Amino acid sequence: HLRRWCIWNLVRSRCIDFHLQPVVAAAESGELELEHVPLAIHKRYDERFISEVIDTVPVLRNFLGNAQDGLVEKFTQLDAEVEKLSQNMIIAKLSQRLPLGRNGECPSASELGILKRECEKKSRHKPVRTLLESIPKILPLLKPCMLMSPLSVAQYLPPGSKNFDIIVFDEASQITVWDAIGAMARGKQVVVVGDPKQLPPTTFFQRLAEEEDIDDSDIEEMESILDECKASGVPDLHLLWHYRSRHESLIAFSNHNYYGDSLMTFPSAVRESKNLGVSFVHVEDGVYDKSKKRTNRKEAEQIVAAVVKRLLDPALARKSTGIVTFSQAQQSLIEDLMDEERRQYPEIEKFFSEELEEPFFVKNLENVQGDERDAIYFSICYGKDASGTFAMNFGPLNRPGGERRLNVAVTRAKEKVVVFSSIVSTQIDIGRTQATGAVHLKSFLEYAEQGNHQALFRQRGAAPEESDLFGDEVAEFLRCHGYAVDQHIGCSGCRVDLAIKAKEDEGRYVVGIECDGDQYFETASARDRDKLRRLVLEGLGWRLVRVWSASWWFDRELAERRLLDEVEAAVNGLPQPTVGVQKFASLASGKMEKFEPTFTCDTPNEFEKVYQPAKIVDGYAKSQSNFNLQFGPQIIGEQMRRLVNEEGPILETLLRARIIREWGFSRIGSTMSEVLDRSVPRTLTITKQLGERVFWPEGMTPEDYKFYRVPDASTDSRRTIKQIPLEEIRNAMLCLINRFQGIPQEAIYTETARLFGFGRITESSRPFYDEAYKCLAKMN
């Protein structure tokens, strides 16, 4: 008693020092038992600490749950609008690069003309490689992104041409180094995308081309470009979010056994369903004919019957289906059986149409990588032979790296996996085999035999080591109000904190509750935390409610009432309450205007004008006697200024001819030439062109002149090539290039001559085109 009295006095004095008198008073009055004093001290201390932190942090002090919900919703809207805006901007920029003359007639020698002529042909087309070599400039403009296999790149693109800014290899784990090098050489940058845990390149297709019947165990693996890049130390980036599986059990096995539980997978709101997850069908009378056909007919018949039943189900008419076999021989057998069923049930023929985005398929482990379907049916095939002997031979799974084939196969389904097997997991004796693939097959069969709930429970691992105090408190509050609550739903880094089961269906959650705890804090960005994660979960059937810890602290009664209202609405199938969210959404910035791109192309007429000679009308008497050094310069200078301002730019020879004709002279003498020289206004800009002067209107500079003038068909206003400023010839060439993009130099000359009304290019006119083309090259 003395010892307890001394300890209590020490505790009492320390509590008073730290302003914990309520704890002391409760303990001395008997309201608080002594063994609970440490918890009370911790609670009181935590409350004082939180209060002091909130008082010093404005963000916390001014926090409102409804306002935060409004900000999150506004952020989600703005992010979606920015994403759409970015897409529209890309489309608009790519559209601006397209040749303007693609919808009308074009020069036959231009790249666009070559392409259009090939498209119009009915036969005798150019080889694809020859055609692509003929249109190197417009090809990246018409098709800025091209989808090609490495073989197609080598077959159709000329070597040595750097056609692309970036080369992206998808499924790089299946691309050999020698196939990849040729494609890599045609780009400035390379991105190699692949999964080292999936299938490497093999000799399967080569052997298949050489032999009708191949032995899966003889397939050899080769090094991939992905392996080479990893070995060379190329910088890498891991993409960890997994979005394909509509039920976590479909990916949990691979995530645990191949990726060390590093993938971010998302739980489904449906825990148990016949149309979701992994299931197992044991074919007890299945026999593997290992000596002759290497098939399991009983297993094939059962799997075909199950698939046909699925295809005949009207409720699953929009769902896709595939069969994956563990051997090529079993694939051939199932294909033959499916052909028989197609003849018997013509109504399932629509599922085999190549026009479907995901038609029905039957594939084996070697060629299924990259495919996905809503439901995947597995035929293990291997098992006991007719004598009852189980040889523990699993074809390619027995070879080194065979486990990667299993990983590929078990991750193809989006909604459902059904495993048909003549053996069960306990029949695989790992003491008789050293193959990792066989060991993993045993684990997978065991996983499938357990069913969704048990499989997920086994794969999810332990719950977080530290208890989520806030989540525990919210869960306890909901349980006190009669709701069945589960915590930490999921088996990877993305877990729903709390979930309430449906009363009529315990295999489904009606609502998920997210707390802003460690998981919320550790998410990398606001976009991941408040938008993408929520979108993925809602796509998996979740109805989500957010509980803010600060709101729970500031006004617990209001937070509890709001949580109960939302949970009650979810349980009863009512619309989700939005009171408060819309009210406070205005706290974010103003609404972004919706961007609707309009794709208008510059027409050739934008810079094309009709040449119209100016008319000289003035009040001066044009007596030829006034055409002298004394009176002429003043009168003629004003005429020149008017004519140049209206008709310029104009070459000096044409300007002089126009003035002389106006005064009634037929030729220019030396004295008249001197008068004309002295008459030139000093306000006009003058440039030189092949030794001759060009006069420009007042305020106009050659650098800003973007037009060219063509003759008027209704009048005889055509100028000779010598009377056309080089800037106009250059501008006409530039418009032709912009209109048709890839066009040879000689074709540019020919089309430019046609624009100015000339039928051909003569030797005397060629220097003008050459000089204009040089000016065009300087601009670029």
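Check the entry above for the structure.
Conventions used here
Residues numbered from 1 in each chain as written. Predicted model: local features only at pLDDT ≥ 70, side-chain atom pairs only at ≥ 80, totals over all residues. Heavy atoms only, no water. Helix = DSSP H or I, 4+ residues; strand = E, 2+ residues; numbered from the N terminus. Buried < 20%, exposed > 50% of the residue type's maximum accessible area, 1.4 Å probe, protein only. Contact = heavy atoms within 4.5 Å. Areas by Shrake-Rupley, 256 points an atom, 1.4 Å probe, with all protein chains shown as cover. 1 Å grid on protein atoms, 1.4 Å probe; cavity = no way out; pocket = protein on both sides within 12 Å on 5 of 7 lines; lining within 4 Å. Points joined across faces, edges and corners; volume = space filled by probe spheres on them. Nonpolar A, V, L, I, M, F, W, Y, C, P; charged D, E, K, R; others polar. Expected span 1.5 Å × (residues − 1). Polar contact = N/O pair within 3.5 Å; in protein donor to acceptor, adjacent residues only side chain to side chain. Pairing = 2+ DSSP bridges. Axes fitted to C-alpha atoms, helices over the stretch in contact; angles between N-to-C directions. Left-handed = near helix turned anticlockwise from the far one by under 90°. Arc of directions from axis to C-beta. Lys, Arg positive; Asp, Glu negative; His and termini not counted. Salt bridge = Lys/Arg side-chain N within 4 Å of Asp/Glu carboxyl O.

1. With respect to the overall build of the protein
Okay, so step 1: From N to C terminus, the protein includes 29 helices and 16 strands.
Okay, so step 2: Looking at the protein residue by residue over its 780 residues, the buried ones come to 44%.
Okay, so step 3: Once local pairs closer than 6 in sequence are excluded, the contacts in the protein between residues at least 24 apart make up 71%.
Okay, so step 4: Approximately 42,700 Å² of the protein is accessible, and the part contributed by carbon and sulfur atoms is 52%.

2. Section: the layout of surface pockets
Which parts of space are left empty comes out when a probe the size of a water molecule is rolled across the atoms.
Okay, so step 1: Volume-wise, the largest pocket comes out at about 1,800 Å³.
Okay, so step 2: In this structure, the largest pocket is lined by 43 residues; those nearest its centre are Asp 468, Phe 470, Asp 516, Gly 517 and Ser 549.
Okay, so step 3: Grouping the constituent residues of the lining of the largest pocket by class yields 21 nonpolar, 8 polar and 14 charged.

3. Side note on the environment of Ala 80
Okay, so step 1: Considering the arrangement of structural elements, one finds Ala 80 in helix H5 (residues 65-96).
Okay, so step 2: Ala 80 gets classed as partly exposed once you look at its relative accessible area, which sits at 37%.
Okay, so step 3: Residues Ala 80 and Lys 531, 451 residues apart in the sequence, show an inter-C-alpha distance of 9.4 Å.

4. A few points about helix H15 (residues 328-344)
Okay, so step 1: Between the first and last C-alpha of H15 there are 25 Å, a value that for 17 residues agrees with the 24 Å anticipated at 1.5 Å per step.
Okay, so step 2: Of all the positions in H15, only Gln 328, Ala 329, Gln 330, Gln 331, Leu 333, Ile 334, Leu 337 and Met 338 are classed as buried.
Okay, so step 3: Looking at where H15 begins, the residue whose side-chain oxygen comes 3.2 Å from the main-chain nitrogen of Gln 330 is Ser 327.

5. What to know about the sheet that holds strand S6 (residues 373-379)
Okay, so step 1: The strand order across the open sheet built from 5 strands is S3-S7-S6-S4-S5, with neighbouring strands paired in parallel fashion. Each having just a single partner strand, strand S3 (277-282) and strand S5 (361-364) make up the two edges of the open sheet. Between one strand axis and the next, the sheet turns through 20° on average, direction left out of account.
Okay, so step 2: As judged from the 5 bridges shared by strand S4 (residues 321-325) and S6, these two strands associate in the parallel manner.

6. Quick notes on the packing of helix H28 (residues 745-755) against helix H29 (residues 766-779)
Okay, so step 1: The N-to-C vectors of H28 and H29 enclose an angle of 115°; their axes lie 11 Å apart at closest approach. When you trace H28 past H29, the crossing you get is right-handed. Here Gln 745, Glu 746, Ile 748, Tyr 749, Thr 752 and Ala 753 of H28 lie close against H29, whose contacting residues are Arg 766, Tyr 769, Asp 770 and Tyr 773.
Okay, so step 2: Tallied by class, the residues present in the contact of H28 with H29 amount to 5 nonpolar, 2 polar and 3 charged.

7. Observations regarding the sheet that holds strand S8 (residues 485-489)
Okay, so step 1: Read across the sheet, 4 strands follow the order S8-S9-S10-S11 without closing on themselves; strand pairing throughout is mixed. The sheet is open, and its two edges are formed by S8 and strand S11 (544-547), each paired on a single side. With direction set aside, neighbouring strand axes in the sheet form an average angle of 30°.
Okay, so step 2: Relative to strand S9 (residues 496-501), S8 is paired through 4 bridges, and the arrangement is antiparallel. Among the inter-strand pairings, Val 485 is bridged to a residue of S9, identified as Ile 500.
Okay, so step 3: Here helix H22 (residues 556-571) sits on the sheet and contacts S9, strand S10 (509-515) and S11; the angle it forms with S10, its principal contact strand, is near 155°.

8. Re helix H26 (residues 670-679)
Okay, so step 1: Listing the buried residues of H26 in full gives Met 672, Ser 673, Val 675, Leu 676 and Ser 679. Taken end-on, H26 shows its buried residues confined to a sector of 160°, consistent with a single buried face. Facing away from the buried side of H26, by more than 90 degrees, are the exposed residues Ser 670 and Arg 678.
Okay, so step 2: Contacts made by the buried residues of H26 are with helix H24 (632-647) and helix H25 (652-663).

9. Quick look at the side chain of Glu 727
Okay, so step 1: With respect to the helices, strands and loops of the structure, Glu 727 is situated in helix H27 (residues 726-740).
Okay, so step 2: Although buried, Glu 727 forms no salt bridge, and the nearest oppositely charged side chain, Arg 730, lies 5.5 Å from it.
Okay, so step 3: With residues up to four places along the chain from it excluded, the contact list for Glu 727 reads Gln 689, Trp 696, Pro 702 and Tyr 705.

10. Digging into the environment of Phe 360
Okay, so step 1: Within the secondary structure layout, Phe 360 lies in the loop between H15 and S5.
Okay, so step 2: Owing to a relative accessible area of 10%, Phe 360 belongs among the buried residues under this scheme.
Okay, so step 3: Sequence separation between Phe 360 and Gly 322 is 38 residues; the distance between their C-alpha atoms is 5.4 Å.

11. Overview of the pairing of S9
Okay, so step 1: Counting buried residues in S9 gives 5 out of 6 residues, a clear majority hidden from the surface.
Okay, so step 2: In this antiparallel pair of consecutive strands, S8 and S9, the connection spans 6 residues, and Gly 490 shows a positive phi of 130°.
Okay, so step 3: Where S9 meets S10, 4 bridges bridge the pair, whose relative direction is antiparallel. Note that in S10 the partner of Ile 500 across the bridge is Val 511.

12. So, the pattern of salt bridges
Okay, so step 1: Per the stated rule, a full pass over the model turns up 39 salt bridges.
Okay, so step 2: The salt bridge partner of Arg 129 is Glu 133, with a shortest N-O separation of 3.6 Å. Here Arg 129 and its partner Glu 133 are both found in helix H7 (residues 128-134), 4 residues apart, which amounts to about one turn of the helix.
Okay, so step 3: Under the relative-accessibility criterion, Glu 133 is labelled partly exposed at 40%.
Okay, so step 4: In this structure, Arg 405 and Glu 366 form a salt bridge, with 2.6 Å as the shortest nitrogen-oxygen distance. Note that Arg 405 is positioned in helix H16 (residues 402-410) and Glu 366 in the loop between S5 and S6, a separation of 39 residues in sequence. Each member of the pair Arg 405 and Glu 366 is classed as buried.
Okay, so step 5: One continuous salt-bridge network, built from bridges that share partners, spans Asp 79, Glu 83, Arg 527 and Lys 531.

In short, geometric facts, not functional conclusions.
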